[in-house]
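One letter stands for each residue in the lines below.
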Amino acid sequence: QVQLVESGGGLVQAGGSLRLSCAASGLSFSSYCMGWFRQAPGKEREFVVAIDWSGGITYYAGPVKGRFTVSRDNAENTVYLQMNNLKPEDTAVYYCAADLACADIRHNPRGVSYWGKGTLVTVSS
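Residues numbered from 1 in each chain as written. Predicted model: local features only at pLDDT ≥ 70, side-chain atom pairs only at ≥ 80, totals over all residues. Heavy atoms only, no water.

Novice: Please explain the state of the cysteines as it appears in this structure.
Specialist: Where two cysteines share a covalent bond between their sulfur atoms, that bond is called a disulfide. One pass over the structure, following the stated rule, counts two disulfides. Note that Cys22 is cross-linked by a disulfide to Cys96, the S-S spacing being 2.1 Å. Torsion about the S-S bond of the Cys22 and Cys96 cystine: about -80 degrees, corresponding to left-handed handedness. Here the residue Cys22 occupies a position in strand β3 (residues 18-25), and Cys96 occupies one in strand β9 (residues 92-99), the gap between them amounting to 74 residues. The class for Cys22 is buried, based on a relative accessible area of 0%. The side chain of Cys33 participates in a disulfide bridge whose partner is Cys102; the two sulfur atoms lie 2.0 Å from each other. (Disulfide = S-S within 2.5 Å. Helix = DSSP H or I, 4+ residues; strand = E, 2+ residues; numbered from the N terminus. Buried < 20%, exposed > 50% of the residue type's maximum accessible area, 1.4 Å probe, protein only.)

Written as structure tokens, this is what we have:
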């Protein structure tokens, strides 16, 4: 059974930082592209970032480019999202995603194979 478990969310002031983690189990982690999505209240889930199986290729959504950094540790089956200079508009539930194809994570979220349950990030002004 595949499980993706996010952690690290919380309340932070604008300009602050948080580091999210997503621990994966039940899948061949090093074969999967991993991604992060977020969903703000009243809005649709949106793509944030993806990282390929090797960690060598990353894709960022425009609003987070330069502030967020994704990384992965294949030995620990974990993907991380370092979020710096947080803004109130970053407030959302952040979801971890896994798929064999980064293209699905980037362009076809309905086709993504596995999802975590999310962790809430709240940025106060």
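Novice: Sorry if this is basic, but what is going on with the sheet that holds strand β1 (residues 3-7) here?
Specialist: Hydrogen bonds along the backbone pair up the strands of a sheet, which may run parallel or antiparallel. Here four strands make up an open sheet; going across it, the order is β1-β3-β8-β7 and the pairing antiparallel. In this open sheet, the two edge strands, each paired with only one partner strand, are β1 and β7 (68-73). If you compare each strand with its neighbour and ignore which way they point, the axes differ by 15 degrees on average. Summarising the sheet, β7 and strand β8 (residues 78-83) pair through six bridges and their orientation is antiparallel. Bridge pairing in β8 links Phe68 to Met83. (Pairing = 2+ DSSP bridges. Axes fitted to C-alpha atoms, helices over the stretch in contact; angles between N-to-C directions.)

Novice: Is there a simple way to explain the pairing of β3 in this structure?
Specialist: Regular strands place side chains that alternate from one sheet face to the opposite one. Two strands pair when backbone bridges link them, and β1 and β3 are joined in this way by five bridges, in the antiparallel orientation. Looking across to β3, one finds that Glu6 is bridged to Cys22. As paired strands, β3 and β8 are joined by six bridges and run antiparallel to one another. Bridge assignment links Cys22 to a residue of β8, and that residue is Val79.

Novice: What is the right way to look at unusual backbone geometry in this model?
Specialist: The phi torsion of most residues other than glycine is negative, and most of the peptide bonds are trans. A positive phi angle is found at Asn77, which is not glycine, with a value near 55 degrees. Tracing the backbone shows Asn77 in the loop between β7 and β8. Asn77 sits in the partly exposed class, given a relative accessible area of 25%. The phi dihedral of Asn85 falls on the positive side, at around 50 degrees, and the residue is not glycine. Take Asn85: it is sitting in the loop between β8 and β9.

Novice: Just to check I follow, could you spell out the environment of Val123 for this structure?
Specialist: Structurally, Val123 can be placed in strand β11 (residues 119-124). Val123 gets classed as buried once you look at its relative accessible area, which sits at 6%. Those residues within four positions of Val123 in sequence are excluded, and the remaining contacts are Val12, Gln13, Ala14, Leu86, Lys87, Pro88, Asp90 and Thr91. (Contact = heavy atoms within 4.5 Å.)

Novice: Please explain the nonpolar core as it appears in this structure.
Specialist: The nonpolar side chains of soluble globular proteins are, as a tendency, buried together. The biggest cluster of nonpolar side chains holds 28 residues, and the ones touching the most others in it are Met34, Trp36, Val79, Leu81, Met83 and Tyr94. Among the secondary structure elements, those contributing two or more residues to this core are β3, β4 (33-39), β5 (46-51), β7, β8, β9 and β11. With residues near it in sequence (within four places) discarded, Met83 still touches Gly16, Ser17, Leu18, Leu20, Arg67, Phe68, Tyr94 and Val121. Formed by nine residues, the second largest nonpolar core is a distinct cluster that contains Cys33, Ala61, Ala97 and Cys102. (Core = buried A, V, L, I, M, F, W, Y, C linked by side-chain atoms within 4.5 Å.)

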